[in-house]
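If you want the building blocks of each chain, they are given just below.
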Amino acid sequence: MSHPTAPVGHPTAPHFDDHDTVRAEIEARPHRATDPAATATAVEAHHPRRLRLAVAEIRAETVSTSTFRLRRPDGGDLPPFLAGQYVGVFADGTNRPYAIASSPARPDHWDLTVRRVPGGRISNHLIDTLAPGDTLTTTGPTGTFHHNPLFHGEDVVFLAGGSGVVPAMSMIRDIVDHRLPRRFHLLYGSRSAEDIVFRAELDTLAAAHPDLHVHHVVQDAPAGWTGPTGLLTGALVEALAGPLAGRTVYVCGPQALYPYALRQLAGLGHPRRRIRFEANGAPADPTAQAHWPTGTDPAAEVTVTARGLSYRTRRDRPLLDSLEDAGLRPEAACRSGECGLCRIRVVKGQVHTATEARLRLSDERFGYTHSCVAYPITDTELDL
C-alpha cells in the first residue's frame with residue numbers, strides 16, 4: 001500500500017520499460033516519515049562522505065602507472081557508481097580525484113588506476129608507499145563525466161590521452177559486462193608504446209566485441225609499429241572513427257589535450273554541445289587567462305585570513321591548496337572548478353577565479369568562488 005505522501009505516478013511513466021516494477025520497488029522502500037533510521041542508513045550506503053577501504057591488490061600497468069584494487073574490510077559491496085565517475089583519495093593532508101577503472105557491474109571492488117605525476121603529492125605517495133593490506137580513505141563516487149544514453153546516444157567516440165583512458169576503460173568494461181547495445185570508438189594517444197595503459201585488455205576486448213573499436217596512437221613510434229602515429233588530429237579522428245555527425249565525443253587526458261581537441265573537433269564542424277570534457281585539475285598557468293589582472297606579479301605573496309588564522313601565500317597558488325597547507329581543509333572533490341564542493345565566500349579582497357569554475361549565477365553577486373581554481377590577488381579574507 002502506498003504511503004499517503006508518496007508522489008502520484010507521472011503520466012509519462014507507462015512509456016518506460018518495466019515502469020510497474022520500478023514503481024513497486026520504490027513503494028517498498030522504507031519512507032523517511034515512518035522509518036528515518038532506515039532511510040539514513042540507505043543514504044549513507046549509497047552516498048557516503050567517507051569510506052575506509054583496504055588495498056587488496058596492486059598491479060603495475062606500466063613503468064609509471066599502477067592499479068590499486070580497493071575493497072571493504074568486511075567484504076561487502078561498495079556504493080554503486082556510473083562508469084566514468086571518480087572518488088576522492090585522502091593522503092598527506094589533502095585529497096585528489098581518481099577515476100574508477102573497474103566496471104559498475106562488479107560492486108565488490110573499485111580499481112583506481114594512478115599514473116605518476118612528476119612532483120605529484122598524492123600519485124607518488126600512492127605508488128611509492130602503498131602495499132596490499134594498507135588502507136585508504138576515500139569519498140563516495142561522484143562526477144558528471146559518464147554516459148547518458150538519452151542525451152549522448154548509443155554511438156560514441158572517446159579521445160583519451162595518457163591516464164585519461166581510465167574512465168574509458170570503466171565504460172568499456174560496463175558495456176561488456178552489461179551487454180549494452182552501444183558502439184564505442186576509443187582513440188587513445190600515448191607518448192610511446194610502453195606508456196599505453198590496459199593495452200592487452202583493450203585489444204582483447206575489441207577483438208571479441210565488434211561494436212568496440214580501439215585505436216592506439218603513439219607519438220614516438222618504435223620500430224615495426226604499424227598503427228597510427230602523431231597527434232589526435234581532426235583528420236585522424238575522422239579516418240579512424242568515421243563521420244562524427246550526431247555522435248557524442250568524450251575527451252579526457254592532460255590539460256593540454258583539451259584546447260587542442262576542441263580546435264580539431266571544431267575544425268570538423270562538430271558542435272560544442274556534442275563534446276564532453278572531463279574536469280582535470282586547476283589551470284597550469286592561471287596568469288595566461290585573459291582576465292588575470294594586468295601587471296600583477298604571480299610570484300608575490302599576499303595574506304589570506306580564514307577562521308581567525310592568517311597566513312602568506314603566492315598569488316598563483318590555488319586557495320584550496322594554501323588553505324590545506326595552513327591546516328584548514330574545506331570539503332573538496334574534483335579540484336577542477338566543476339563540482340562546487342569547495343565553494344567559499346570572499347569577504348574582503350580581490351580573487352582571480354579561473355574560467356574552469358562552474359559558478360552559480362548568483363555567486364559573483366554574493367562573493368562566492370570555488371577555492372580549487374581561485375587565486376588571491378590582494379590580501380583576502382574568506383568565510384569557510
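Residues numbered from 1 in each chain as written. Predicted model: local features only at pLDDT ≥ 70, side-chain atom pairs only at ≥ 80, totals over all residues. Heavy atoms only, no water.

Chemist: Is there a simple way to think about helix α8 (residues 257-267) in this case?
Modeler: Residues L257, Y258, Y260, A261 and L265 constitute the buried set of α8. Buried positions in α8, seen along its axis, are confined to an arc of 165° and lie on one side of it. Facing away from the buried side of α8 by more than 90 degrees, the exposed set consists of R263 and G267. Buried residues in α8 make contact with β7 (155-161), β10 (248-252) and β11 (275-277). Count one or two residues on from α8 and you reach G269, which has phi positive near 80°. (Buried < 20%, exposed > 50% of the residue type's maximum accessible area, 1.4 Å probe, protein only. Helix = DSSP H or I, 4+ residues; strand = E, 2+ residues; numbered from the N terminus. Arc of directions from axis to C-beta. Contact = heavy atoms within 4.5 Å.)

Chemist: Is there a simple way to think about the packing of aromatic side chains in this case?
Modeler: Any two aromatic rings considered together are summarised by their centre-to-centre distance and by the angle between their planes. Scanning the entire structure with this criterion turns up six aromatic pairs. Where F158 meets F184, the ring centres are 6.1 Å apart and the plane angle is 35°; that geometry is what we call tilted. In this pair, F158 sits in strand β7 while F184 sits in strand β8 (residues 183-192), placing the two residues 26 residues apart along the sequence. The exposure class of F158 is buried, given its relative accessible area of 0%. (Phe/Tyr/Trp six-rings, centres within 6.5 Å; stacked < 30°, edge-to-face > 60°.)

Chemist: Teacher, can you tell me more about the layout of surface pockets here?
Modeler: A probe matching the size of a water molecule, rolled over the atoms, marks out where space remains unfilled. Here the second largest pocket defines a volume of roughly 560 Å³. Residue assignment for the lining of the second largest pocket shows that the elements contributing at least two residues are α8 and β11. Sorting elements by how many residues they give to the lining of the second largest pocket places α8 first, with three residues. Class assignment for the residues of the lining of the second largest pocket results in eight nonpolar, six polar and six charged. (1 Å grid on protein atoms, 1.4 Å probe; cavity = no way out; pocket = protein on both sides within 12 Å on 5 of 7 lines; lining within 4 Å. Points joined across faces, edges and corners; volume = space filled by probe spheres on them. Nonpolar A, V, L, I, M, F, W, Y, C, P; charged D, E, K, R; others polar.)

Chemist: When you look at the pattern of salt bridges in this model, what are you seeing that I'm missing?
Modeler: A side chain of one charge can pair with a side chain of the opposite charge when the charged atoms of the two come close. If you walk through the whole model with that rule in mind, you get 22 salt bridges. The salt bridge partner of R312 is E301, with a shortest N-O separation of 4.0 Å. Here E301 lies in strand β12 (residues 301-306) and R312 lies in strand β13 (residues 309-314), a separation of 11 residues in the sequence. In this structure E301 comes out as partly exposed when scored by relative accessible area, which is 45%. Linked through salt bridges whose partners overlap, the residues forming this network are D92, R121, R317 and D325. (Salt bridge = Lys/Arg side-chain N within 4 Å of Asp/Glu carboxyl O.)

Chemist: Sorry, what's going on with the nonpolar core here?
Modeler: Side chains of a nonpolar character, in soluble globular proteins, are inclined to be buried together. Formed by 47 residues in total, the largest nonpolar core has its most connected members in F158, L159, V165, F184, L186, L202 and V251. No other element matches the seven residues that helix α5 (residues 165-178) contributes to this core. In terms of nonpolar packing, the next biggest core, distinct from the first, is built from 20 residues, L53, L70, Y98 and L112 among them. (Core = buried A, V, L, I, M, F, W, Y, C linked by side-chain atoms within 4.5 Å.)

Chemist: So what exactly am I meant to see when it comes to empty space enclosed by the protein here?
Modeler: All told, the structure shown has one cavity of 30 Å³ or more when counted by the stated rule. Each pocket or cavity is described by its volume, and for the largest cavity that value is around 30 Å³. Residue classes in the lining of the largest cavity are distributed as six nonpolar, one polar and no charged.

Chemist: Can you help me understand the pairing of β12 in this one?
Modeler: Regular strands have side chains that alternate between both faces of the sheet. Every second residue of β12 is oriented toward a common face, the buried set being V302, V304 and A306 and the non-buried set E301, T303 and T305. Sheet topology note: the β12/β13 ladder contains six bridges and is antiparallel. Note on β13: the bridge partner recorded for T303 is R312. Here β12 folds back onto β13, and the loop between the two strands holds two residues, one of which, R307, carries a positive phi near 50°. With three bridges joining them, β12 and strand β18 (residues 380-383) adopt parallel strand pairing. Counted as the bridge partner of T305 is E381 from β18. (Pairing = 2+ DSSP bridges.)

Chemist: Help me out: how do you make sense of the pairing of strand β5 (residues 110-115) in this one?
Modeler: For β5, the tally of buried residues reaches six of six residues, placing the bulk of the element in the interior. Across the two faces of β5 the burial is the same, with W110, L112 and V114 and D111, T113 and R115 all buried.

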